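Here are the chains, one letter per residue:
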Amino acid sequence: QLQASGGGLVQAGGSLRLSCTASGRTFSMGWFRQAPGKEREFVAAIGWSSAGTYYADSVKGRFTISRDNAKNWVYLQMNSLKPEDTAVYYCAGKVGGPSFSVYVYDYWGQGTQVTVSS
């Protein structure tokens, strides 16, 4: 069971922190997003041990993925937000190492809306 939260409306240049709780098994976790009329795309991923973190080029340097395994939380800190970051953001989990591919994640949260106004 994955549950994402923390979305909202923010002005360009602002920040939001998304959270995802992942109860049960240990997973590598990813954040993806889907804008209207577009395919779901990779944003960031993190391995179970947090040793490996991966980012889409479009968010590198602005977004940070992290996790607290003791509390089963995964976070996506989003800074310097741009209107093109507007999308529904999904957290996802998979057994094994992290991946940027949407097709290999087995577990998905319900999505949280992020809207960045210009």
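About the thresholds
- Residues numbered from 1 in each chain as written.
- Predicted model: local features only at pLDDT ≥ 70, side-chain atom pairs only at ≥ 80, totals over all residues.
- Heavy atoms only, no water.
- Disulfide = S-S within 2.5 Å.
- Helix = DSSP H or I, 4+ residues; strand = E, 2+ residues; numbered from the N terminus.
- Buried < 20%, exposed > 50% of the residue type's maximum accessible area, 1.4 Å probe, protein only.
- Contact = heavy atoms within 4.5 Å.

Tell me about the state of the cysteines, and please be specific about residues and values.
Scanning the model with the defined rule gives one disulfide in all. The disulfide partner of Cys-20 is Cys-91, and the gap between their sulfur atoms is 2.1 Å. Since a negative S-S torsion denotes a left-handed disulfide, the Cys-20-Cys-91 link at about 60° is right-handed. Of the two residues, Cys-20 sits in strand S3 (residues 16–22) while Cys-91 sits in strand S9 (residues 87–94), which places them 71 residues apart along the sequence. Both residues of the pair, Cys-20 and Cys-91, belong to the buried class.

Help me get a handle on the environment of Ala-4, residues and values and all.
One can find Ala-4 in strand S1 (residues 2–5). Under the relative-accessibility criterion, Ala-4 is labelled buried at 5%. For the pair Ala-4 and Gln-113, spaced 109 residues apart in the sequence, the C-alpha separation amounts to 9.9 Å. If near-sequence neighbours (up to four positions away) are discounted, Ala-4 is found in contact with Ser-19, Cys-20, Trp-31, Cys-91, Gln-110 and Thr-112.

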